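# Residue-level structural notes
Listed below are the residues making up each chain.
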Amino acid sequence: MSSNATDCYPENETALWSSAEPGAVVKPVSGLGSLATDSSSQPTPEDGADPNRFLVAGGQGNYLHLADGREILDACGGAAVACLGHGVKEVADAIMSQVSTISYVPWGFLDTQSRRDLSTWLSQSSGGHFKKAWIVSSGSEAMEGAIKLAREYFVWAGEPQRVNFIAREESYHGITLGALSVGGHVLRRGPFESLLVPRVQRIPACNAYRQKLPDETDEAFVSRKAEELEQAFIQAGPDTVAAFVAEPVVGAAAGCVPSFPGYFRAMKAVCDRHGALLILDEVMCGMGRTGTLHAWEQEGVAPDIQAIGKGLGGGYLPASAILASGKIVRAMQAKGAAFTHGHTYLDHPVVCAAALRVQQIIQRDDLLPNVRAQGRLLEQLLRDRLSDHPIVGDVRGRGLFWGVEFVRDKATKDPFDPAMQLARRVHETALRAPHNMAVYFGQGCAGKGRGDHVMIMPAYNVTREVIETIVDKFAAVVDDVYGKLEKKDLSLPN
């Protein structure tokens, strides 16, 4: 379903925001300063307000409007969620239409047209590779379900001994216990280690910036990565492994680290040799974020099971999905079985209607070429402005999914002391005046909880002008933070 067009989408707000109000130019709303003194915007003991979280009064296009009167340029869409930006009336209308038709049915014995339509669209988007979709409400739910589906597939296939999984360090697959178990995010796993599932072998992530040896050829690097997976199979027992789990482009845990060319073809070959499944977590990097609807389209492989989220519903309603290939569905049908899984709001009709309309807008407005074109511009400007900065170690990403890693020493790639929380400082500085911009931050990209990164992930209909503004603001933020570090004499290398 992804477009093959190569022309950049028209670089004007009228065209790019036409889905919000056909024929109208959507501009940031001003004059909201009075909201800051409205008593309804002030925290009370009863509302559980966190003083560290700014109150949002509204949003339109690329901008959020705060109750304190400021306009925030949304350069990240939350965690890469708001793929169409804010305030798209067409999506709101689709939601209201579905609510007025039917707002909820129990999925176990009733169905809705919106569920059927979204499932059909998702199958077509993969060229028919996916034959079944379960629509859920968060990325964690989707990954939890994907893990369970892989296990139950082998029960149906007569291989119940396959109970182990192989995943990667510096990865994140969700916050529920099963998803957290396969993830390698040290900080998020920490409080729950004693509760996590032990049947997970872990291998190093694929991070050429930190792992590729100076004289190592591309082929040798990929071969070394494949051998790491091979050894994990051997250690677990090859016929006990259900699946290898990975993100095509690593998101929150490492800051937009793309896979190395040929990596996933090599990893899929190892999985196939041992009869294991490939589960791809595209909750953050999928549904157009990297320039193709499915990130795996750029890898030369297709997964057996896939999880999608964030960009599926664009934040208009909580939407995610578990996608099963024909291989999985055929095994289920051969046994006359059903997936032993379900939540109260599984296949929710209003969620399905919202997600389908978001995807229809992306397709109709031909936004994927814009993701690629503006992504190339974002890459170029970030590299031009920041590659030589004293504390910037790496600029990496794909499409409109870009990360900047900060280091204490560019030569050694030594990260900052985690206690400094440098990425958080960058994020908080960006959010405050005079910068007034939202970016996403994380820690752990250098391994074992060390390493700071910030992610820039604007809406798919972003314009050249907005991209330039984002980079100008971000460069100023980095300079601001660096200047404060120098004043504190933290022994930064020259």
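Within each chain, residue numbers correspond to sequence positions counted from 1 in written order. Only residues with pLDDT of at least 70 are given local features in this predicted model, and only at 80 or more are side-chain atom pairs given and counted; all residues enter the totals for whole chains, interfaces and linings. Only heavy atoms go into the side-chain values, all of them from the structure, while hydrogens and water stay out.

## Quick look at the overall build of the protein
Secondary structure summary: the protein contains 15 helices and 17 strands in total. The buried share among the 494 residues of the protein stands at 56%. Residues count as neighbours in contact if any of their non-hydrogen atoms are within 4.5 Å of one another. Across the protein, contacts joining residues at least 24 apart in sequence account for 72% of those joining residues at least 6 apart. Here a strand is any run of E in DSSP of at least two residues, a helix any run of H or I of at least four, and the numbering for each starts at the N terminus. Burial here depends on accessible area, computed with a 1.4 Å probe over protein chains only, as a share of the maximum for the residue type. Under 20% is buried, over 50% is exposed, and the range in between is partly exposed.

## Remarks on the pairing of strand S16 (residues 440-447)
Sheet analysis places S16 next to strand S17 (residues 450-456), joined by five bridges and oriented antiparallel. For Phe 441, the partnering residue across the bridge sits in S17 and is Val 454. For two strands to be treated as a pair, DSSP must find no fewer than two bridges joining them.

## Overview of the layout of surface pockets
Put plainly, a pocket is an open set of points on a 1 Å grid over the protein atoms alone with protein on both sides within 12 Å along at least five of seven lines, a cavity is a set where a 1.4 Å probe fits but cannot get out, and a lining residue has an atom within 4 Å of a point. Grid points are joined across faces, edges and corners, and a volume is the space filled by probe spheres set on the points. Here the largest pocket is characterised by a volume of approximately 790 Å³. For the largest pocket, the lining is made up of 30 residues, of which Asn 52, Arg 53, Phe 54, His 427 and Leu 431 are closest to its centre. Where the lining of the largest pocket is concerned, the elements lending two or more residues are strand S2 (63-66), strand S3 (71-74), helix H2 (77-80), helix H14 (422-431) and S16. By residue number, the principal contributor to the lining of the largest pocket is H14, which donates four residues.

## Focus on empty space enclosed by the protein
Following the criterion strictly, the structure yields two cavities of 30 Å³ or more and no others. Here the largest cavity is characterised by a volume of approximately 60 Å³. In terms of lining, the largest cavity is formed by Glu 170, Gly 184, His 185, Val 186, Leu 187, Ala 253, Gln 443, Gly 444, Gly 447, Lys 448 and Gly 449. Nonpolar residues are Ala, Val, Leu, Ile, Met, Phe, Trp, Tyr, Cys and Pro. Charged residues are Asp, Glu, Lys and Arg, and all others, Gly as well, are polar. In terms of residue class, the lining of the largest cavity is built from three nonpolar, six polar and two charged. There is about 40 Å³ of room inside the second largest cavity. Lining the second largest cavity are Gly 61, Asn 62, Asp 74, Gly 77, Ala 82, Gly 85, His 86, Met 457, Pro 458 and Ala 459. By residue class, the composition of the lining of the second largest cavity is four nonpolar, five polar and one charged.

## Some remarks on the sheet that holds S17
With respect to topology, four strands assemble into an open sheet ordered S13-S14-S17-S16, the strand pairing being antiparallel. A single partner strand is all that each edge strand has here, and the edge strands are strand S13 (392-398) and S16. Strand-to-strand twist across the sheet, computed as the mean angle between neighbouring axes with direction ignored, equals 30°. Note that strand S14 (residues 401-406) and S17 share five bridges and pair antiparallel. Following the sheet pairing, Phe 406 is matched in S17 by Asp 452. Angular values range over 0 to 180 degrees, each being the angle between N-to-C directions of two axes fitted as lines to C-alpha atoms, with helices fitted over their stretch in contact. Each of S13, S14 and S17 touches helix H13 (residues 367-386); the most contacted strand, S14, lies at about 15° to it.

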